[in-house]
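Listed below are the residues making up each chain.
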Amino acid sequence: MGKTVLTYGTFDLFHIGHLNILKRLSELGDRLIVGVSTDEFNAVKGKKPVVPFEQRIEIVRAIRYVDMAIPEENWAQKREDIEKYGVDVFGIGEDWKGKFDDLEDKVEVVYLPRTSGISTTEMKRVLSAFDERHVEELKRTLDSISQIVKELS
């Protein structure tokens, strides 16, 4: 069997940055395995995903660069999965730089640059500004614009 690459992530609100890193990781080997953090593990990490785990893992499984997607349930799982799947390269975004250097006794560790201008955290920040009141104001504004367009037509 060829070179196996392993990565992990939450992959919430899947965006081009996620796709770019999965593509780059797939180019590092012949097989890409992706661990998708469960909702329970995200709670341990202090994260609350918008998209439920079952949907996030199905999205990741549908990506052509991904050969296998597995649930990530705890921090210790990385070492276990490296052994279980015969992993050669562990890759992850550079925002984790230095955090997984301890795995270098088992695999090559690679930190890849993020896609500039996009992040799930920023998307969540923007979306959180749209509370119910703002959504109602936006709807009224769009209705007004629609009415003006009809009158001008």
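Quick note: structure is the one above.
Residues numbered from 1 in each chain as written. Predicted model: local features only at pLDDT ≥ 70, side-chain atom pairs only at ≥ 80, totals over all residues. Heavy atoms only, no water.

### Focus: the overall build of the chain
Basically, it comes down to this: Per the convention used, a helix needs a DSSP run of H or I reaching at least four residues, while a strand needs a run of E reaching at least two, with both numbered from the N terminus. By definition, residues are in contact when any of their heavy atoms lie within 4.5 Å.
Looking only at helices and strands, one finds six helices and five strands in the chain. Listed by position from the N terminus, the elements making up the chain come as β-α-β-α-α-β-α-β-β-α-α. Within the chain, counting contacts between residues at least 6 apart in sequence, those at least 24 apart form 64% of the total.

### Side note on the side chain of aspartate 81
The following threshold applies: Exposed residues in this analysis have more than 50% of their type's maximum accessible area, buried residues have under 20%, and partly exposed residues fall in between, with area computed by a 1.4 Å probe over protein chains only. We count Lys and Arg on the positive side and Asp and Glu on the negative side, and we leave His and both chain ends out. The salt bridge definition used is simple: a Lys or Arg side-chain nitrogen within 4 Å of an Asp or Glu carboxyl oxygen.
Structurally, aspartate 81 is set in helix α4 (residues 77-84). Buried charge without a salt bridge: aspartate 81, with lysine 84 as the nearest opposite-charge side chain at an N-O distance of 5.3 Å. If sequence neighbours within four positions are ignored, aspartate 81 has contacts with Leu6, Tyr8, Ile70, Gly86 and Val87.

### What about the packing of aromatic side chains?
The cut-off we apply is this: Pairing of aromatic rings covers Phe, Tyr and Trp, the last counted by its six-membered ring, and requires centre-to-centre distances within 6.5 Å; plane angles under 30 degrees mean stacked, over 60 mean edge-to-face, and any other angle means tilted.
All chains considered together, the criterion is met by six aromatic pairs. With 6.1 Å between their ring centres and 35° between their planes, tyrosine 8 and phenylalanine 90 make a pair best called tilted. Note that tyrosine 8 is positioned in strand β1 (residues 4-9) and phenylalanine 90 in strand β4 (residues 89-93), a separation of 82 residues in sequence. Of the two residues examined, tyrosine 8 and phenylalanine 90, each falls in the buried class. Measuring from centroid to centroid gives 5.1 Å for phenylalanine 41 and tryptophan 75, while their planes differ by 75°, and the two rings are edge-to-face. With a gap of 34 residues between them, phenylalanine 41 in helix α2 (residues 39-44) and tryptophan 75 in the loop between β3 (68-72) and α4 connect regions that are remote in the sequence. Feature note: the residues Tyr8, Phe41, Trp75, Phe90, Trp96 and Phe100 constitute an aromatic cluster, connected by ring pairs.

### A closer look at the nonpolar core
Our working rule: By nonpolar core is meant a set of buried Ala, Val, Leu, Ile, Met, Phe, Trp, Tyr and Cys residues that side-chain atoms within 4.5 Å join together.
In this structure, Leu22, Leu32, Val34, Val36, Val60 and Val66 are the most contacted members of the largest nonpolar core, which totals 18 residues. Mapped by element, the contributors of at least two residues to this core are α1 (16-26), β2 (31-37), α3 (53-61) and β5 (108-112). The contact partners of valine 36, leaving out residues within four places of it in the chain, are Gly9, Thr10, Phe11, Phe53, Arg56, Ile57, Val60, Ile70, Pro71 and Glu72. Formed by 14 residues, the second largest nonpolar core is a distinct cluster that contains Ile82, Tyr85, Phe100 and Val109.

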